[in-house]
Amino acid sequence: MLLSLLTPITRTVSTSSRRIFLARRVNPQMGNESLSLIQKRKHVNFRVINVSGFKTDLMEIPSHDPALHVLFIPGNPGVISFYTDFLELLYESLGGTASVTAIGHISHSEKNWESGRLFSLQEQIDHKINFIEQELQDVEVPIVLVGHSIGSYISLEIFKRSQEKVVLCISLYPFLALNTASNTQASIRRIAASSALCAALSFMGALLGMLPAPISRLLVNKTIGKSWSSSAVEVLCTHVLQYHTIRNMLFMAMTEFQKLPEKPDWDFIRGKKNRIAFLFGLDDHWGPLHIYEEIGKQAPDARLEVEREGHTHAFSCTDAGSVWVAQHVSSLIKSNIQIAKGY
């Protein structure tokens, strides 16, 4: 979840009206395999579709002969352009054997398609289920769900309703339950609960978004985006720093804090442990390690790992994070899909 970026955003950054998919920066410390993935990869197709009456951002990389269909659910903000590098690298890591699709959240987009309407977490969940029923109902290959942050919770909710079509659900840096020990979550919760504060922050973000593009990118690079890829900086400036996007981020966050329990759904996780995998971070208040440890107790033999490479919760905002997580997800799919198929 990228909501923790809001405080520094209101003190910095801004927008340009250009689209993304710029040239990526390559980290010189990456290995030859990672460099090869970056240099040779197939690019995503971007389009806007109508799902249940709502304009929806979609990214796709179709396979000519897919054995699987990977559906990616983003965190909050649900701006799928943040995950461009990750999606392209995942497709390449899977050797073109799977079609890859990412679906954005309603009104977490560059354009204000829904005229300022606010959408709750439950509405975003229903939106994704409607998308599967509308677009993937006739897909004959198994579906693998991959969710990031609150997208992990959404993915599990989708899994509950689509158990026949989904063979594997992968949760990346998952936000599955409230973390009462997190001061950051407490602060965001207080802000999101105040309509006046939400409106003020959204207005400030929109004003910052009106700065000339070179100034906005410079401010991002000097502050929160020091280690970010150029494409992630551009997405922040073009998609996030807009009134309707920030208002929807905060409204969705408010409903997340209202809906999420203090404990994950242990019964479901235990029952589907052979078809669920989790990746936690070392220092991540959205997916704290006590949840990782509790999953191990509640669902012994569940697929659990902790990322120890130093990437952040916002892994897709860096070249190295996108490469590492894409390879990790690919490895999980390759090693677990046959087991999952035999459920």
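Residues numbered from 1 in each chain as written. Predicted model: local features only at pLDDT ≥ 70, side-chain atom pairs only at ≥ 80, totals over all residues. Heavy atoms only, no water.

For the protein chain, the name recorded in an unreviewed UniProt entry is Lipid droplet-associated hydrolase, with Sesamum alatum as its organism. The protein chain has a UniProt comment under Sequence similarities (unreviewed entry) that states "Belongs to the AB hydrolase superfamily. LDAH family." (UniProt positions renumbered as here; feature names shortened; annotations may be inferred.)

1. What to know about the nonpolar core
Counting 48 residues, the largest nonpolar core has Phe82, Phe86, Val144, Ile170 and Leu172 as its most contacted members. For this core, the leading source of residues is helix α13 (residues 319–341), giving seven residues. Core analysis: the second largest hydrophobic core is formed by 45 residues, Val51, Phe131, Met252 and Ala302 among them. (Core = buried A, V, L, I, M, F, W, Y, C linked by side-chain atoms within 4.5 Å. Buried < 20%, exposed > 50% of the residue type's maximum accessible area, 1.4 Å probe, protein only. Helix = DSSP H or I, 4+ residues; strand = E, 2+ residues; numbered from the N terminus.)

2. Observations regarding the packing of helix α8 (residues 213–222) against helix α9 (residues 230–240)
Between α8 and α9, the least distance of the axes is 10 Å, while the angle of their chain directions is 125°. The pairing of α8 with α9 is recorded here as oblique in orientation. Handedness of the α8/α9 crossing: right-handed. Judged by residue contacts, Ser216, Arg217, Val220 and Asn221 of α8 engage Val233, Glu234, Leu236 and Cys237 from α9. When the residues that make up the contact of α8 with α9 are grouped by side-chain class, the tally is four nonpolar, two polar and two charged. (Axes fitted to C-alpha atoms, helices over the stretch in contact; angles between N-to-C directions. Parallel < 35°, antiparallel > 145°, perpendicular 65-115°, else oblique. Left-handed = near helix turned anticlockwise from the far one by under 90°. Contact = heavy atoms within 4.5 Å. Nonpolar A, V, L, I, M, F, W, Y, C, P; charged D, E, K, R; others polar.)

3. Observations concerning α8
Listing the buried residues of α8 in full gives Ala213, Ser216 and Val220. On an axial view of α8, the arc spanned by its buried residues comes to 65°, and they lie on one face. Exposed positions of α8 whose direction lies more than 90 degrees from the buried face are Pro214 and Lys222. Where α8 is buried, its residues contact α9. (Arc of directions from axis to C-beta.)

4. Notes on the side chain of Ser171
The topology assignment puts Ser171 in strand β6 (residues 166–172). What Ser171 contacts, discounting residues up to four positions off in sequence, is Gly147, Ser152, Ala277, Phe278 and Leu279.

5. Some remarks on helix α6 (residues 183–192)
What sets the pattern is the α-helix's 3.6 residues per turn: residues three or four places apart point alike. Of the residues making up α6, those classed as buried are Gln185, Ile188 and Ala192. An end-on view of α6 places all buried positions within 65° of arc, on one side of the element. Exposed and facing more than 90 degrees away from the buried side of α6 are Asn183 and Arg190. Those residues of α6 that are buried are in contact with α7 (195–208) and α10 (243–259). Two or three places before Thr184, at the start of α6, stands the capping residue Ser182, its side-chain oxygen 3.4 Å from that residue's backbone nitrogen. (Polar contact = N/O pair within 3.5 Å; in protein donor to acceptor, adjacent residues only side chain to side chain.)

6. A look at the pattern of salt bridges
A pair can form between side chains of opposite charge whenever their charged atoms are brought close. Here the structure, examined in full by the defined rule, presents seven salt bridges. Two residues, Lys160 and Asp265, come together in a salt bridge whose shortest N-O distance is 2.8 Å. On the criterion of sequence distance, the pair formed by Lys160 in helix α5 (residues 150–161) and Asp265 in the loop between α10 and α11 (266–271) is long-range, its members being 105 residues apart. The class of Asp265 is partly exposed, set by a relative accessible area of 36%. (Salt bridge = Lys/Arg side-chain N within 4 Å of Asp/Glu carboxyl O.)

7. Brief notes about the sheet that holds strand β5 (residues 143–148)
Backbone hydrogen bonds are what pair the strands of a sheet, in a parallel or an antiparallel way. Across the sheet, which stays open at both edges, the eight strands sit in the order β1-β2-β4-β3-β5-β6-β7-β8 with mixed pairing between neighbours. Edge positions in the open sheet fall to β1 (45–51) and β8 (303–307), since each of these has one partner strand only. On average, each strand axis in the sheet is tilted by 20° relative to the strand beside it, whichever way the strands run. Relative to strand β4 (residues 98–103), strand β3 (residues 68–73) is paired through five bridges, and the arrangement is parallel. Bridge assignment links Leu71 to a residue of β4, and that residue is Thr101. Strands β2 (54–61), β3, β4 and β6 of the sheet are contacted by helix α3 (residues 84–93), whose axis makes an angle of about 40° with β2. (Pairing = 2+ DSSP bridges.)

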